[in-house]
Amino acid sequence: MQPIHWNRRRLRDPLTGTGGRPMLRFMRSERCTLQTPDDGTIELHWLEHSDHAAGQVIVCVHGLTRNAHDFDRIATELALRGARVLAVDVPGRGGSSWLSNPAHYVVPVYADCLRTWLGMLGLSSVDWLGTSMGGLIGMEIAGSVDGPIRRLVLNDIGAFVPKEALAPIGAYLGLDLRFPDLEAVERHLRTIHAGFGRHLDDGWWRDLARWSARKVGHDWRMHYDPAIKLPFTQTEAADIDLWPRYDAIACPTLLLRGAESALLPTSVAQEMTHRGPRAELVTLLDCGHAPSLGERDQIEVVADWLCGPAPNAV
């Protein structure tokens, strides 16, 4: 993919704080135009927290049906610690364009897209925080030759995903749901994303609904292209095996696992601590797939690791 142009919009967004900490700050909403594999173009959208002068750059990449706003709370903390945080909407989600060819909704295309985007921004070294699919993209990039990732955080995603664990995602991904209001959206999200955590406050769920839906006529629909389900149905029929790519990663790696997660079995997580980058494993209690990173203790685990002294590389 090749960059064509980019633009920005500054917005002020008050967010609900955690642990009494204020979370009012500025975000910049930015876009660029990229060429697609079939020589079309798409707009890539991201949220930028903090300013361009920060020495540390952290890229946040969401899960399969999610978007950049999933990281609003943790991005605020990372920015307060001096980092420049870029939370991106992967193509087909949030403010980014939908792809004309659904066959391109796959990790290698996403990785190519985001590497081009980083190059356009002049970023040759970044830290990466990836939840689920965002972690798969991170492994794809970090395991490649001359990858730009300096530190890698994988949020509840492993180098091997058993096909049985993908079935619950496929059950809701294929539904073309319509909701009368955001309250109905919130109820749906609380059901399908119960694994995000049992102790999330009501404000977090309201924000999730607000950013997860788009108004279409009189109804609310999920804020992603329904066609992302097409490549997923092919993946769902087989295990996802990324051990060769994971073994090629050399940067320091933090692996987060929801204690109740089926997508990242304990055996896989343990094996990841002994091979490849020999990830540091942290198990987060009272959540499954995937930890929201919206609770204070989770935020501090990630922020301390990303913004603290550099871990030793393999």
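Here is what the cut-offs are and how they apply
Positions within a chain are numbered from 1, following the residues in the order the chain's sequence is written. Owing to the predicted nature of the model, reporting of local features is limited to residues with pLDDT of at least 70; listing and counting of side-chain atom pairs is limited to 80 or more, with chain, interface and lining totals taken over all residues. The basis for every side-chain value is the complete set of non-hydrogen atoms in the structure, without hydrogens or water. Per the convention used, a helix needs a DSSP run of H or I reaching at least four residues, while a strand needs a run of E reaching at least two, with both numbered from the N terminus. One less than the number of residues in a helix, times 1.5 Å, gives the span that helix is expected to have. Here the term buried applies to any residue with accessible area under 20% of the maximum for its type, exposed to any over 50%, and partly exposed to those in between, with areas from a 1.4 Å probe on protein chains only. Here, two residues are considered to be in contact whenever any of their heavy atoms come within 4.5 Å of each other. For two strands to be treated as a pair, DSSP must find no fewer than two bridges joining them. The handedness of a crossover follows from its direction of travel: if, with the strands pointing away from the viewer, the path from the first strand over the helix to the second runs clockwise, the crossover is right-handed. Side-chain atoms within 4.5 Å link the members of a nonpolar core, which is a set of buried Ala, Val, Leu, Ile, Met, Phe, Trp, Tyr and Cys residues. Where helices are involved, their axes are fitted lines through C-alpha atoms of the stretch in contact, as for all axes, and angles between N-to-C directions lie from 0 to 180°. Angles are sorted into four bins: roughly parallel if under 35 degrees, roughly antiparallel if over 145, roughly perpendicular if 65 to 115, and oblique for all others. Crossings are sorted by hand: turned counterclockwise from the far helix by less than a right angle, the near helix makes the crossing left-handed, and turned clockwise it makes it right-handed. Gly is put with the polar residues, along with every residue not named as nonpolar or charged; the nonpolar set is Ala, Val, Leu, Ile, Met, Phe, Trp, Tyr, Cys and Pro, and the charged set is Asp, Glu, Lys and Arg. Two aromatic rings, drawn from Phe, Tyr or Trp (for Trp, its six-membered ring), form a pair once their centres lie within 6.5 Å of each other, and the interplanar angle then sorts them: stacked below 30 degrees, edge-to-face above 60, tilted otherwise. We call a charge positioned over a ring when the NZ of a Lys or the CZ of an Arg lies within 6 Å of the ring centre and within 35 degrees of the ring normal.

Trainee: Explain helix α10 (residues 296-307) residue by residue, including any values.
Mentor: Helix length check: α10 (twelve residues) gives 16 Å between terminal C-alpha atoms against 16 Å at 1.5 Å per residue, within 8%. Inspection of α10 places R296, Q298, I299, V302, A303, W305 and L306 among the buried residues, and these make up the whole buried set. Turning to α10, the residues buried within the fold contact β4 (57-61), α1 (72-80), β6 (126-131), β7 (149-155), β12 (253-258) and β13 (280-284).

Trainee: Give a description of the pairing of β12 that names residues and reports values.
Mentor: Regular strands show a simple pattern: their side chains alternate between the two faces of the sheet. In terms of burial, β12 is a largely internal element, six of the six residues being buried. In β12, alternate side chains face the same way, and those of T253, L255 and R257 on one face and L254, L256 and G258 on the other are all buried. Both β7 and β12 contribute to a ladder of four bridges, which runs parallel. Looking at β12, one finds that V153 is bridged to L254. Alignment of β12 against β13, held across five bridges, turns out to be parallel. Residue pairing for β13: G258 is matched across the bridge by L284. You can see the chain leave β12, run along helix α9 (residues 266-272) and come back into β13, and the turn it takes is right-handed.

Trainee: Run through the nonpolar core, naming residues and quoting values.
Mentor: Core analysis: the largest hydrophobic core is formed by 71 residues, its most contacted members being L114, W117, W128, I137, Y246 and M272. Ranked by residue count, the leading element in this core is helix α2 (residues 107-120), at seven residues. The residues contacting W128, other than those within four sequence positions of it, are V59, V61, L114, L118, G134, I137, G138, I141, I149, R151, L152 and V153.

Trainee: Account for the packing of α1 against α10, with residues named and values stated.
Mentor: The geometry of a pair of packed helices is captured by two quantities: the angle between their axes and the separation between those axes. One can describe the packing of α1 onto α10 by two numbers: an axis separation of 10 Å at closest approach and a directional angle of 40°. When the axes of α1 and α10 are compared, the pair comes out oblique. In this structure, α1 crosses over α10, and the sense of that crossing is right-handed. Contact residues: α1 offers R73, I74, E77 and L78, while α10 offers R296, I299, V302, A303, L306 and C307. Residue composition of the contact of α1 with α10, by class: seven nonpolar, no polar and three charged.

Trainee: Before we move on, can you summarise the packing of α2 against helix α3 (residues 133-142) with the specific residues and values?
Mentor: For the pair α2 and α3, the least separation of the axes is 9 Å and the interaxial angle reads 70°. In terms of orientation, α2 lies roughly perpendicular with respect to α3. Like other packed secondary-structure pairs, α2 and α3 cross with a definite hand, here right-handed. Across from V107, P108, Y110, A111, L114 and R115 in α2, the residues of α3 making contact are M133, L136, I137, E140 and I141. Class assignment of the residues belonging to the contact of α2 with α3 gives a composition of nine nonpolar, no polar and two charged.

Trainee: Before we move on, could you go through the packing of aromatic side chains and cite the residues and values that matter?
Mentor: With the rule as written, the count across this model stands at five aromatic pairs. For the ring pair F196 and W204, a centre distance of 5.9 Å and an interplane angle of 85° mean the geometry is edge-to-face. On the basis of an interplanar angle of 15° and a centroid distance of 6.5 Å, the ring pair of F196 and W205 is categorised as stacked. Its relative accessible area of 4% is what places W205 among the buried residues. Lying over the aromatic face of W243, R275 brings its terminal NZ or CZ to 4.1 Å of the ring centre.

Trainee: Which residues make up the side chain of S132, and what are the values?
Mentor: Within the secondary structure, S132 sits in the loop between β6 and α3. Excluding residues within four positions of it along the chain, S132 makes contact with G63, N155, I157, L263 and H289.

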